[in-house]
Amino acid sequence: MKPTLPRGTRDFTPAQLLKRDFIFDTIKKVFKKFAFAPIETPTMENLSVLTGKYGEEGDQLIFKILNSGDFLLEPKNKNIELQQVDSKKLLPFISEKALRYDLTVPFARFVVMNRNDISFPFKRYQIQPVWRADRPQKGRYREFYQCDADVVGTDSLLCEAEIVLMIHEVMQHLGIKNIEIKINNRKILSGITEIAGSFGKETDICTAIDKIDKIGIEGVTKELFERGISQTSINILLPIINFKGNNSEILYFLKSALQNSTIGTKGIDEVEQVLHFIDQFGTQIDALKIDISLARGLSYYTGAIFEVKALDVQMGSISGGGRYDNLTGLFGLDGVSGVGISFGVERIYDIMEELNLFPQTDNSYSKILLTHFDVASMNYGMKIVANLRSSNIAAEIYPQVTKIKKQFEYANAKSIPFVAVVGETEMQNNTVALKNMLSGEQNIVDKDNILEYLQLK
RNA sequence: GAGGUCGUAGCUCAGCUGGUUAGAGCGCCUGAUUGUGGUUCAGGAGGCCAUGGGUUCGAAUCCCAUCUUCCUCACCA
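Residues numbered from 1 in each chain as written. Chains lettered and ligands numbered in written order. Predicted model: local features only at pLDDT ≥ 70, side-chain atom pairs only at ≥ 80, totals over all residues. Heavy atoms only, no water.

A word on helix H1 (residues 14–33)
Here is step 1: In this model, H1 (20 residues) spans 28 Å end to end at C-alpha, consistent with the 28 Å of a helix rising 1.5 Å per residue.
Here is step 2: Listed as buried for H1 are Leu 18, Arg 20, Phe 22, Ile 23, Phe 24, Thr 26, Ile 27, Val 30 and Phe 31.
Here is step 3: Looking at the buried positions of H1, the neighbouring elements they touch are strand E5 (122–131), strand E6 (143–152), helix H8 (158–174), strand E11 (338–344) and helix H15 (345–354).
Here is step 4: Trailing H1 by a residue or two, Ala 35 shows a phi angle of about 70°, which is positive. (Helix = DSSP H or I, 4+ residues; strand = E, 2+ residues; numbered from the N terminus. Expected span 1.5 Å × (residues − 1). Buried < 20%, exposed > 50% of the residue type's maximum accessible area, 1.4 Å probe, protein only. Contact = heavy atoms within 4.5 Å.)

Structure below.
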């Protein structure tokens, strides 16, 4: 049998995982610094928890898990009837569980189920894989990691500001400097819709104007028309979504353009307040840009929406998020507003690989390899390795007796920076021959001084 | 979900309009060097040509299907 991998999934080698860990660690460090605590949720959820949360498109992209048992036994015998069955009606009989599609909805479920044990505002981070039955492409996988940070139980816009700060800091630490952090507010989009007299057509308008970067103003006009937006509405919409300027110019313009919309005005105030809070934190973030055409597909966002793009690489967004006022309400707990951000690790990885941003030093797990010639020197070496490990040095010993050449080749292939050689002479003198694999320099070192030697070099 | 595209050694790829035994570079293994890697030299191994069918005297090459890769649309991290 020939081994294969399901479409859109990948194996990861140690070298790749080392690099991915670097991303995890960087993000985790920032999350912790902003006082988010970790949680995990199960790989699978009850299907009912997930369906209806991501729009119709999202429902199709959820990986469903087949029920156990011989559920098709009856229909199997009457195949023709089975073909006439509506698959949507059949679904409950063959599937009631599904793989996580993102981390936000399971988190909302978690909050509702654990409401008595957590104190609000609750800040959590979560780093786990998610699955989407999408068609794979570059930067698009069926199994990938998300790193989420959310705070629920407060509608303070300070949280939005902190999210922007976290995005900024994570990207700085990863070395992805040339980015754009786009921010918008669903309430502004509602306001625009209201002004245009197309209330209720919000989804159509949002998905159309979201594409303005790609298809241009003419394309958007065409798409709006095809989606049944009247010409009068379009005429009102276009100058608004096509307005260009810096953040304060956009806010100034919107204030007059949306002055007759209560909700729109509220959205503008919110964005302004977020910018003000960021200012108060004393951080200047030039990458932050208000973008009125940013809509984002997920249906649960109600306030701020974020998206991060790396400008040096052709790639979809590497991070996205926003405020959702009533996600927990779907599970029976009202009045818990939340806001969060999600980093797409795979895309960040691909970008860093392309831009050569991974630090060079981090490519080996062990610091030193102990080599030997026979059983006696191997035994002698095991004690040395144990000592190094108890001093928190990642050390390994070649696990079988073989030619010294082979052991050196192993160290070289794994980029282990130091090799200690132990033979008869060394055992007699309580020393090791310690070689720096980078410089080629080799010294006789007392076996109790290895630690000092390593720290010196 | 709609359309297109790719698949030959571990990797990157050559292989002509079907015609002997499918090649190269790099990597890998062995030796030169029985206590020293990364350089050099000599030698060697490694292929169900993605998978399954079909056309043909003959298929890596042509046809069909499946799987996979990448791309555009849609959607997203």
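From this point, the narrative continues.
Some details on the pattern of salt bridges
Here is step 1: Inspection of every chain in the model, using the stated rule, returns 15 salt bridges.
Here is step 2: We note a salt bridge from Arg 140 to Asp 134, for which the minimum N-O separation is 3.2 Å.
Here is step 3: Taking relative accessible area as the criterion, Arg 140 reaches 31% and is therefore assigned partly exposed.
Here is step 4: A salt bridge links Asp 448 to Lys 447; the nearest nitrogen and oxygen atoms lie 4.0 Å apart.
Here is step 5: Connected through shared salt-bridge partners, Arg 10, Arg 20 and Glu 346 make up one network. (Salt bridge = Lys/Arg side-chain N within 4 Å of Asp/Glu carboxyl O.)

A few points about the sheet that holds strand E4 (residues 95–99)
Across a sheet, strands are paired by hydrogen bonds formed along the backbone, either parallel or antiparallel in direction.
Here is step 1: The strand order E2-E4-E3 describes an open sheet built from 3 strands, whose pairing is antiparallel. Of all strands in the sheet, those with a lone pairing partner are strand E2 (44–46) and strand E3 (64–66), marking the two edges. In this sheet, adjacent strand axes meet at a mean angle of 45° when their direction is disregarded.
Here is step 2: The pairing of E2 with E4 spans 3 bridges and is antiparallel. Along E4, the bridge assignment pairs Glu 45 with Ala 98. (Pairing = 2+ DSSP bridges. Axes fitted to C-alpha atoms, helices over the stretch in contact; angles between N-to-C directions.)

A closer look at the nonpolar core
Here is step 1: Judged by nonpolar contacts, the single largest core of 102 residues is most densely connected at Ile 23, Phe 31, Ile 176, Phe 343 and Ile 348.
Here is step 2: Top contributing element to this core by residue count: H8, with 10 residues.
Here is step 3: Not counting residues within four places of it along the chain, the set of residues in contact with Phe 343 comprises Ile 27, Phe 31, Tyr 145, Gln 146, Cys 147, Ile 167, Val 170, Met 171, Ile 318, Ser 319 and Ile 348. (Core = buried A, V, L, I, M, F, W, Y, C linked by side-chain atoms within 4.5 Å.)

Things to note about the state of the cysteines
Here is step 1: Counted by the stated rule, this structure contains 0 disulfides.
Here is step 2: The thiol of Cys 147 is not disulfide-bonded; the next cysteine sulfur, from Cys 159, is found 20 Å away.
Here is step 3: Residue classification places Cys 147 among the buried residues on the basis of a relative accessible area of 0%. (Disulfide = S-S within 2.5 Å.)

Things to note about the domain arrangement of chain A
Here is step 1: Here chain A is partitioned into domain 1 (14–63 + 101–354) and domain 2 (368–456).
Here is step 2: Inter-centroid distance (C-alpha atoms) of domain 1 to domain 2 is 51 Å. (Domains from an automatic or database assignment.)

Examining unusual backbone geometry
Here is step 1: A cis amide bond, omega -5°, links Phe 120 with the succeeding residue Pro 121.
Here is step 2: Tracing the chain through its elements places Pro 121 in the loop between helix H7 (104–113) and E5.
Here is step 3: Positive phi, close to 70°, is recorded for Ala 35, a residue that is not glycine.
Here is step 4: The backbone of Ser 415 shows a phi angle near 55°, a positive value even though the residue is not glycine.

With respect to helix H14 (residues 262–280)
Here is step 1: Between its first and last C-alpha, H14 extends 27 Å over 19 residues, near the 27 Å set by a 1.5 Å rise per residue.
Here is step 2: For H14, the full list of buried residues reads Gly 264, Gly 267, Ile 268, Glu 270, Val 271, Val 274, Leu 275 and Ile 278. One side of H14 holds all its buried residues, which, seen down the axis, span an arc of 155°. Along H14, exposed side chains directed more than 90 degrees from the buried face belong to Thr 262, Asp 279 and Gln 280.
Here is step 3: Contacts from the buried residues of H14 go to H8, strand E7 (179–185), helix H9 (186–195), helix H13 (247–257) and strand E8 (288–290).
Here is step 4: One or two residues past the end of H14 sits Gly 282, with phi positive at roughly 85°. (Arc of directions from axis to C-beta.)

Some words on the confidence of the model for chain A
Here is step 1: Chain-level pLDDT for chain A is 88 on average; 94% of the residues reach the 70-or-more range.
Here is step 2: Note that pLDDT drops below 50 for residues 75–79; the model gives that stretch 2 contacts with residues more than four away or on any other chain.
Here is step 3: Across the predicted assembly, pTM comes out at 0.88 and ipTM at 0.85. (pLDDT = per-residue confidence, 0-100.)

Side note on the sheet that holds strand E13 (residues 395–397)
Here is step 1: In space, the 5 strands of this open sheet follow the order E13-E12-E14-E15-E16, with mixed pairing throughout. Each edge of the open sheet is held by one strand with a lone partner, namely E13 and strand E16 (442–446). This sheet shows a mean twist of 25° between the axes of neighbouring strands, independent of strand direction.
Here is step 2: Of the strand pairs in this sheet, strand E14 (residues 418–422) and strand E15 (residues 431–436) are connected by 4 bridges, and their pairing is antiparallel. Pairing of Ala 420 across the sheet is with Leu 434, part of E15.
Here is step 3: Strands strand E12 (368–372), E13, E14 and E15 of the sheet are contacted by helix H16 (residues 375–390), whose axis makes an angle of about 170° with E13.
Here is step 4: On the sheet, helix H17 (residues 404–413) packs against E12, E13, E14 and E15 and is oriented at approximately 170° with respect to E12.

With respect to the pairing of E12
Remember that side chains alternate between the two faces of the sheet whenever the strand is regular.
Here is step 1: Burial analysis of E12 places 5 of its 5 residues in the buried class, which makes it a mostly covered element.
Here is step 2: Residues Ile 368, Leu 370 and His 372 of E12 are buried on one face, and the alternating residues Leu 369 and Thr 371, pointing to the opposite face, are buried as well.
Here is step 3: With 3 bridges connecting them, E12 and E13 associate as parallel partners. Pairing of Ile 368 across the sheet is with Ala 395, part of E13.
Here is step 4: Note that E12 and E14 share 5 bridges and pair parallel. Residue pairing for E14: Leu 370 is matched across the bridge by Ala 420.

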